[in-house]
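Inside the fold
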Amino acid sequence: MVTTWHDVLVFCASLAGLFVVGDLLSTMLYHVPQHIWGKLHLRTHHDNTRSYWEHSIVSVDPAIVLDGFLGALPYFVLAAVLTRFGTAATAGALLGLVLGQLHVMYRHTCELGWKSPAWLTRAAHAVGLVLPEDHNGHHKNPDADFGDIFRFYDAPARAVIGAARTGARRQRRLQRLREMRLLRRRSQNIAT
Ligand SMILES: [Zn+2]
Ligand SMILES: [Zn+2]
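Just so it is clear, the structure is predicted and the values come from calculations on it, not from any experiment.

Attention shifts here to the packing of helix α1 (residues 5–36) against helix α5 (residues 87–106). Two elements in contact, α1 and α5, have axes whose closest approach is 7 Å; the angle formed by their N-to-C orientations is 35°. Between α1 and α5 lies a crossing whose hand is right-handed. On α5, the residues that touch Asp7, Val10, Phe11, Cys12, Ser14, Leu15, Leu18 and Phe19 of α1 are Ala88, Ala89, Ala91, Gly92, Ala93, Leu95, Gly96 and Gly100. Taken together, the residues of the contact of α1 with α5 sort by class into 11 nonpolar, four polar and one charged.

This is the structure:
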């Protein structure tokens, strides 16, 4: 089989696409909705009573495995789509899935004593890559540090969650006003 520059480009685009688009889909379609309406992710991924290394990497608790699977599902679907673009795209997508899984392990190593050297922190933050310390920030504070692989999904994720919470608060206020008006009308009807 002859490998051409075109194949190399398709391979790299597929690999990068799996990370960039996969993280976007997983953050916006699973992680953010879970933080707004869900319970599964908050009960598992943000359970401060157990070790995050244990729960993210070695646990076989069905709820924890389900949370991990649902978070990874957008990457799997995207990889399946990429396989339609030929052998080079398939190879890029498969390598992306393997590296993505390695990054899951890597970003949970803070409890094992991992400390990023200053040069790595500078380099990773320059390209927006999530380091174990960043992801640990999300475990400690569920309202901060969104994004599986890239930190640039943090701001849009927080904006969507903030807008949803404001909308929910407004809905509750309107509901209370409606109920008060109804009560007032009822008491006026009784008085007349
Ligand atoms: Zn985690
Ligand atoms: Zn979370």
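Next comes the rest of the account.
Here we take up unusual backbone geometry. The backbone of Asp145 shows a phi angle near 55°, a positive value even though the residue is not glycine. Its location among the elements puts Asp145 in the loop between α7 (132–140) and α8 (154–191). Classification of Asp145 as partly exposed rests on a count of 19 C-beta atoms within 10 Å.

Residues Val10, Phe11, Leu15, Leu18, Tyr75, Leu78, Ala79, Leu82, Ala88, Ala89 and Ala93 constitute the largest nonpolar core, which totals 11 residues. Looking at this core, the elements that each hand over two or more residues are α1, α4 (62–82) and α5. If you look at the next biggest cluster of nonpolar residues, it comprises five residues, including Leu24, Val32, Phe146 and Tyr153.

By the secondary structure assignment, Asp143 is in the loop between α7 and α8. Residue Asp143 is classed as exposed on the basis of its 12 C-beta neighbours within 10 Å. Spatially, the C-alpha atoms of Asp143 and Asp47 are 14 Å apart, while their sequence positions differ by 96 residues.

A word on α8. Under the 1.5 Å per step criterion, the end-to-end length of α8 is 56 Å for 38 residues, consistent within 8% with the ideal 56 Å. Counting buried positions over the 38 residues of α8 gives one, only a small fraction of the element.

Procedures and definitions
Residues numbered from 1 in each chain as written. Chains lettered and ligands numbered in written order. Predicted model: local features only at pLDDT ≥ 70, side-chain atom pairs only at ≥ 80, totals over all residues. Axes fitted to C-alpha atoms, helices over the stretch in contact; angles between N-to-C directions. Helix = DSSP H or I, 4+ residues; strand = E, 2+ residues; numbered from the N terminus. Left-handed = near helix turned anticlockwise from the far one by under 90°. Contact = placed C-beta atoms within 7 Å. Nonpolar A, V, L, I, M, F, W, Y, C, P; charged D, E, K, R; others polar. Buried ≥ 20, exposed ≤ 12 C-beta atoms within 10 Å, placed from the backbone. Core = buried A, V, L, I, M, F, W, Y, C linked by C-beta atoms within 7 Å. Expected span 1.5 Å × (residues − 1).

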